[in-house]
Amino acid sequence: MTVMETVQSEQLKQLKDIFIRFDMDSDGSLTQLELAALLLALGLKPTGDQLHILLADMDSNGNGLVEFDELVALILPDISEQVLVNQEQLMEVFWSFDRDGNGYITAAELAGSMAIIGNWF
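Residues numbered from 1 in each chain as written. Predicted model: local features only at pLDDT ≥ 70, side-chain atom pairs only at ≥ 80, totals over all residues. Heavy atoms only, no water.

## Focus: the overall build of the chain
Across its full length, the chain carries seven helices and two strands. In the chain, which comprises 121 residues, the proportion classed as buried is 36%. Surface accessibility of the chain: about 7,200 Å² in total, with carbon and sulfur atoms responsible for 57%. (Helix = DSSP H or I, 4+ residues; strand = E, 2+ residues; numbered from the N terminus. Buried < 20%, exposed > 50% of the residue type's maximum accessible area, 1.4 Å probe, protein only. Areas by Shrake-Rupley, 256 points an atom, 1.4 Å probe, with all protein chains shown as cover.)

Structure below.
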């Protein structure tokens, strides 16, 4: 395995870990709200319109959700190693959403956090 393949493999693993953390119902796909939380954790702050367009562009099978392979197809070619490697920052954002500290982000916790974030903009 080349160095580039090793780096890409590690990025893929980290991206999968991130995806699983934000797939609140563990159905293997992200809703628009779950996608928004994931993007915020990666340091991106899309507007509602941008998020809607992004979801439409990512959703290659047209089911209204983003599966892991759709996320990889869009993000991995352009993602920098630094974005995925900073696990400490990701966990800080995750725990800010996980209000009760149980290791899961409920729909209510996500909605509350998104409402607070919406008030900032």
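## Quick word on the pattern of salt bridges
Applying the stated criterion across every chain, the model contains one salt bridge. Lys 13 is the salt-bridge partner of Asp 17, the closest N and O atoms lying 3.3 Å from each other. Note that Asp 17 and Lys 13 are positioned in helix α1 (residues 3-22) at a spacing of four residues, about one turn of the helix. Asp 17 gets classed as partly exposed once you look at its relative accessible area, which sits at 35%. Given a relative accessible area of 48%, Lys 13 falls into the partly exposed group. (Salt bridge = Lys/Arg side-chain N within 4 Å of Asp/Glu carboxyl O.)

## Here we look at the nonpolar core
If you look at the biggest cluster of nonpolar residues, it comprises 29 residues, and the most contacted ones within it are Phe 22, Leu 30, Leu 35, Leu 38, Val 66, Leu 71 and Phe 97. Of all the elements, helix α2 (residues 32-41) adds the most residues to this core, at seven residues. Those residues in contact with Leu 38, other than ones at most four positions away along the chain, are Ile 18, Phe 19, Phe 22, Leu 30 and Leu 71. (Core = buried A, V, L, I, M, F, W, Y, C linked by side-chain atoms within 4.5 Å. Contact = heavy atoms within 4.5 Å.)

## Notes on α2
Burial analysis of α2 places eight of its ten residues in the buried class, which makes it a mostly covered element. Among the residues making up α2, those that are buried are Glu 34, Leu 35, Ala 36, Ala 37, Leu 38, Leu 39, Leu 40 and Ala 41. Trailing α2 by a residue or two, Gly 43 shows a phi angle of about 90°, which is positive.

## Focus: the packing of α2 against helix α3 (residues 48-58)
Two elements in contact, α2 and α3, have axes whose closest approach is 11 Å; the angle formed by their N-to-C orientations is 105°. Taken as axis vectors, α2 and α3 run roughly perpendicular relative to one another. Facing Gln 32, Leu 35, Ala 36 and Leu 39 of α2, the residues of α3 in contact are Gly 48, Leu 51, His 52, Leu 54, Leu 55 and Met 58. In the contact of α2 with α3, the residues fall into seven nonpolar, three polar and no charged. (Axes fitted to C-alpha atoms, helices over the stretch in contact; angles between N-to-C directions. Parallel < 35°, antiparallel > 145°, perpendicular 65-115°, else oblique. Nonpolar A, V, L, I, M, F, W, Y, C, P; charged D, E, K, R; others polar.)

## A short note on unusual backbone geometry
Unusually for a residue other than glycine, Ser 26 sits at a positive phi of about 55°. Relative to the assigned elements, Ser 26 resides in the loop between α1 and β1 (29-30).

## A word on the packing of aromatic side chains
All chains considered together, the criterion is met by three aromatic pairs. Relative to Phe 68, the ring of Phe 19 has its centre 5.5 Å away and its plane inclined at 75°; by these criteria the two rings are edge-to-face. Of this pair, Phe 19 sits in helix α1 while Phe 68 sits in helix α4 (residues 68-75), placing them 49 residues apart in sequence. Side by side, Phe 19 and Phe 68 carry an identical accessibility label, which is buried. Residues Phe 94 and Trp 95 carry aromatic rings whose centres are separated by 5.1 Å and whose planes lie at 80° to one another, so their mutual orientation is edge-to-face. Looking at Phe 94, the relative accessible area reads 1%, which means it is buried. Stacked on the ring of Phe 68, the Lys or Arg Lys 16 has its end atom at 4.5 Å from the ring centre. In this structure, Arg 21 is placed above the aromatic ring of Phe 94, and the distance from its NZ or CZ to the ring centre is 4.9 Å. (Phe/Tyr/Trp six-rings, centres within 6.5 Å; stacked < 30°, edge-to-face > 60°. Lys NZ or Arg CZ within 6 Å of the ring centre and 35° of its normal.)

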